[in-house]
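Tertiary structure, described
Chain by chain, the residues run as shown.
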Amino acid sequence: MKVLVTGGAGYIGSHTTELLIDRGYEVVVFDNLYTGHVEAVNPKATFVKGDLLDKSAVDALFDAHKFDGILHFASHTLVGESMEKPWLYLRDNAVAGSNLLEAAARQGVKRFILSSTANLFDDPARIPITAEERIVPGSPYGESKYIIERYLHWMERIYGMAYCCLRYFNASGAHPGGHIGEDHTPEFHLIPIILQVALGQREKLTIFGDDYPTPDGTCIRDYIHVIDLAEAHILALEALADGKSRKYNLGNGKGYSIREVVNMAREITGHDIPAAAGARRPGDPATLIADSTRIQQELGWAPEFGSLRQIIETAWNWHKSHPKGYATGK
Ligand SMILES: NC(=O)c1ccc[n+]([C@@H]2O[C@H](COP(=O)([O-])OP(=O)(O)OC[C@H]3O[C@@H](n4cnc5c(N)ncnc54)[C@H](O)[C@@H]3O)[C@@H](O)[C@H]2O)c1
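This text gives an overview of the structure that appears in the document.

Rules behind the numbers
- Residues numbered from 1 in each chain as written.
- Predicted model: local features only at pLDDT ≥ 70, side-chain atom pairs only at ≥ 80, totals over all residues.
- Near = placed C-beta within 6 Å.
- Helix = DSSP H or I, 4+ residues; strand = E, 2+ residues; numbered from the N terminus.
- Nonpolar A, V, L, I, M, F, W, Y, C, P; charged D, E, K, R; others polar.
- Axes fitted to C-alpha atoms, helices over the stretch in contact; angles between N-to-C directions.
- Parallel < 35°, antiparallel > 145°, perpendicular 65-115°, else oblique.
- Left-handed = near helix turned anticlockwise from the far one by under 90°.
- Contact = placed C-beta atoms within 7 Å.
- Expected span 1.5 Å × (residues − 1).
- Buried ≥ 20, exposed ≤ 12 C-beta atoms within 10 Å, placed from the backbone.
- Arc of directions from axis to C-beta.

1. Brief notes about the site of the ligand
- Taken together, 27 residues lie around the ligand, and G7, G10, Y11, G36 and S75 are the ones closest in.
- Counting residues per element, the ones that place at least two in the shell around the ligand are α1 (11–22), β5 (111–117) and β7 (170–172).
- Residue contributions to the shell around the ligand peak at three residues, all from α1.
- Here the shell around the ligand is composed, by residue class, of 12 nonpolar, 13 polar and two charged.

2. Let's talk about the packing of helix α2 (residues 55–64) against helix α4 (residues 86–107)
- As a packed pair, α2 and α4 sit with axes 10 Å apart at the nearest point and diverge in direction by 30 degrees. With respect to their mutual orientation, α2 and α4 come out roughly parallel. Here α2 and α4 pass one another in a crossing that is right-handed. Taken together, the residues of α4 that come into contact with α2 (itself represented by K55, V58, D59 and F62) are N99, L100, A103 and Q107.
- Taken together, the residues of the contact of α2 with α4 sort by class into four nonpolar, two polar and two charged.

3. Digging into helix α5 (residues 140–159)
- The end-to-end C-alpha distance of α5 is 28 Å, a good match for the 28 Å that 20 residues give at a rise of 1.5 Å each.
- Of all the positions in α5, only P140, Y141, G142, E143, S144, K145, I148, Y151, L152 and M155 are classed as buried.
- Two residues or fewer past α5, G160 is found with a positive phi of approximately 70 degrees.

4. A short note on helix α8 (residues 258–269)
- Over its 12 residues, α8 runs 16 Å from end to end, which matches the ideal 16 Å to within 8%, given 1.5 Å per residue.
- What α8 keeps buried is the set I258, V261, V262 and A265. Along the long axis of α8, the arc covered by the buried residues comes to 95 degrees, so they all point the same way.
- On its buried face, α8 is in contact with α6 (190–198), β8 (205–208), β12 (256–257), β13 (275–278) and α10 (308–321).
- Phi turns positive one or two residues past the end of α8, at G270, with a value near 75 degrees.

5. Digging into unusual backbone geometry
- In this structure, P128 follows I127 across a cis peptide bond, with omega equal to -5 degrees.
- With respect to the secondary-structure elements, P128 resides in the loop between β5 and α5.
- Between T185 and P186 the backbone carries a cis peptide bond, its omega angle lying at -10 degrees.
- Inspection of the secondary structure assignment puts P186 in the loop between β7 and α6.
- Positive phi outside glycine occurs at L33, with the angle close to 60 degrees.
- One can find L33 in the loop between β2 (26–31) and β3 (46–49).
- On the neighbour-count criterion, L33 (15 C-beta atoms within 10 Å) is partly exposed.
- One non-glycine residue, I273, lies in positive phi territory at about 40 degrees.
- Within the fold, I273 resides in the loop between α8 and β13.

As structure tokens, this is what we get:
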């Protein structure tokens, strides 16, 4: 099977590419390297540098390859940035998605997987958050994912394209082999920031609020290991062979507070990781935990790297051996 991975030079896309190659898929990665790294792409994949906003580049990609399935990771990805630069999201993410879907529909691609987000659920009635929860995008970023989810609804109706929306919670960890991992500049994700403190690259961690209604006052989040995420993509790709579209929430089902994450990182790195509480960040809910029952029951997905220890150990392994990320040239 030949699959297209957009954003395959990025964090989650590169790990998924790795697993796809291991399972014998032929992979074409299409990425503009806006935040991605060519070194992250498995050399057995075909790498095409290009921008989804460039319609002629997308058409050329589909002229050169016939795809059996598409995994769409490429996106602007930051909630906070989307509140300051909404058009990068409401326009660019949406146009990138529509250029891709138009070419895919024209070619008759029948399987499509979208990297969607927990940011669809800004006002959950219940925690853990099930796939049935009411959709209330929390930012232009979340809205841009919802726009593509709606495009997919029509792709299925009109072109018979089966799709799977995977609404991930906090992706974390790194490949157990230690050769690929998370490298975002600037970094906005908690675990890499904590590990940058352990590496001496930052003085301390600022915790955004320690007066939330949680046992230790800091926010609770659901961290899912990037390999478990990658595995879910492969299960979904295979399941779409039955032509039925699906939507799944994808997390560990366990929540960890910021203080718990810091304490585990202290234990693993042996560094005291200074942390100080600062002001709350507007819009941060106290607790976000996924209910992934639906994907567990329907596809038999189960986290293999479900413990916080495994998540931080694999991330530390990557950061320790690549303190400057891919800039080491490794
Ligand atoms: N990291 C998380 O915790 C998380 C959580 C929920 C959803 N997601 C979603 O998962 C996907 C991957 O996230 P990530 O953390 O790996 O991000 P990332 O920034 O590491 O990867 C995104 C990749 O897409 C590429 N890209 C961006 N715009 C492009 C364009 N117009 N044309 C071609 N390539 C383009 C980038 O260069 C990069 O390689 C995103 O869609 C993101 O919204 C991530």
